Amino acid sequence: MDAPGLYNYWIVIVLMMTGFYVVISRGNLVKKIVGLNIFQTSVFILYITMGKVSGGTAPILAEGFETYSNPLPHVLILTAIVVGVATTALGCALVVRIKEAYGTVEEDEIQRQDDAT
Amino acid sequence: MQRHIVLRVTTKLLMPFILLFALYVQFHGDFGPGGGFQAGVIFGAGFILYALVYGIESAQRVAPAGALRVLISAGLLLYIGTGFATLALGGNFLDYGMLAHEPARGQHLGIFLVELGVGVTVAATMVTVFFNFASRGQD
Amino acid sequence: MLLSFLAVLAIGILRLRNLFAVVMLSGIYSLLSAGLFVVLDAVDVAFTEAAVGGGIATVLMLGTLALTTDREKAPKPGRLQILPLLCVVATGALLIYGTLDMPVYGDPAAQIHQHVAPRYLADAERETSVPNVVTAILASYRGFDTMGELAVIFTAGIGVILLLGRPRKRRGGPSGGQDE
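Nothing here was measured: the structure is a model prediction, and the numbers come from that model.

Cut-off values and rules
- Residues numbered from 1 in each chain as written.
- Chains lettered and ligands numbered in written order.
- Predicted model: local features only at pLDDT ≥ 70, side-chain atom pairs only at ≥ 80, totals over all residues.
- Helix = DSSP H or I, 4+ residues; strand = E, 2+ residues; numbered from the N terminus.
- Buried ≥ 20, exposed ≤ 12 C-beta atoms within 10 Å, placed from the backbone.
- Domains from an automatic or database assignment.
- Contact = placed C-beta atoms within 7 Å.
- Nonpolar A, V, L, I, M, F, W, Y, C, P; charged D, E, K, R; others polar.
- pLDDT = per-residue confidence, 0-100.

Engineer: When you look at the overall build of chain C in this model, what are you seeing that I'm missing?
Structural biologist: When you go through chain C residue by residue, the secondary structure sums to 7 helices and 0 strands. Helices and strands appear in chain C in the N-to-C order α-α-α-α-α-α-α. In chain C, buried positions account for 39% of the 180 residues.

Encoded structure:
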């Protein structure tokens, strides 16, 4: 992981944009949820990359280590991961109910059924 | 899953180790990586594995839905109860220093209680969500 | 290296139409990013991401697939989607422009390491007697945030119970008699 300068951030931004593209361009609801997960995980990678200190170690205080990586992004991302899975669980439950109500999980077919009634 | 002898035997053998590891991660979170969330998820994953291999009915005999609902609330109440206990003892909300005779011990006790609440709620929520998903298609 | 694997996985998830494969690839994505977190010294985060992303999220999505459908519908041929692509490229360009004045990766003199973090690292052992600084911050210094997070998990559990707890009523909706 010792690539020059800002290269890490740019790759992570590419990953984020791929996830974002899956969310807005695909019509299948389950695939949208998967794309949202990819987006979230890439944002986490971005934050943790910002928190790393070269030459540091994990932020658990122990004898013999001087530099530690910044623990504050780790705390924020821990919260974010768990909130992300809560969102995914609720999203999947909603998709199941939508499938039972409309018979399909494709966005355009749901739109057509809604417009027809 | 009647025919998959290897899966059934391996799951039965692994279950106590998974649950024990979850408890280890919960209480060792002060000294190494770990803590409430990780422990709760591993504990829930153990129950989910059992439900996958042995069926939802067997798993629900061990962890009935009503008891899980009580546990979901109990963890959150433990967390907020610790906060109110510190209020009652004279400090700010969630000021763990009030819980013992010296602040560092109080902090340690407070962190222990709080992580326990987190672990309980997370485990119960994961198992409940899985049971609800898995029993939906079986009407 | 790991990042290039992640990029390949992301493109695979975009292109594949078999949803089972897509869910499996997203589980691998979570596991690889957990490995990446370990390389970046974030061991608690790696633990949580591996357990939650690779375990629970994959199981939930497989459960959803079992209750819904297995394949994505084929897109209409010849329709290249200009608007989402423009949106994504514009957002990406803005973000890359935003990173241009960020400090170099791993710089110990970056602004992010200057204010609260050294104080937490220096005082956590003395004030809380807990060597794991991440746990100390999560449970003690930033205890309110963790309380809110617990409330979010609680709400998600209640929400799923409300949505999927009652048995399905057999009713003839727009889909007719297609319930299995």
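From this point, things continue past the structure.
Engineer: Just checking my understanding: could you explain the domain arrangement of chain C for this structure?
Structural biologist: Each assigned domain of chain C is listed with its residue range as follows: domain 1 (1-73) and domain 2 (114-166). Each of domain 1 of chain C and domain 2 of chain C has a C-alpha centre, and the two are 24 Å apart.

Engineer: Would you mind going over the interface of chain A and chain C with me for this structure?
Structural biologist: Accessible area lost upon the coming together of the parts is a frequently used measure of interface size. Taken together, the contact pairs 75 residues of chain A with 82 residues of chain C. Among the elements of the structure, helix 1 (7-25), helix 2 (29-51) and helix 3 (71-102) of chain A are those that each provide at least two residues to the side of chain A that touches chain C. Per-element accounting of the side of chain A that touches chain C gives the leading share, 25 residues, to helix 3 of chain A. Among the residues forming the side of chain A that touches chain C, the class breakdown is 46 nonpolar, 23 polar and 6 charged.

Engineer: Could you clarify how one ought to interpret the confidence of the model for chain C in this entry?
Structural biologist: Note that predicted coordinates carrying low pLDDT should not be read in detail. Residue and element names in this part refer to chain C. Per-residue pLDDT for chain C has a mean of 83; in total, 89% of the residues score no lower than 70. When the criterion is pLDDT under 50, residues 171-180 qualifies, and its contacts beyond four places in sequence or with other chains add up to 11 contacts. Interface predicted TM-score (ipTM) for the complex: 0.89; the corresponding pTM is 0.88.

Engineer: Can you help me understand the interface of chain B and chain A in this one?
Structural biologist: Each partner contributes to the interface: chain B provides 4 residues, whereas chain A provides 5 residues. Here the residues of the side of chain B that touches chain A are counted per class, giving 2 nonpolar, 1 polar and 1 charged.

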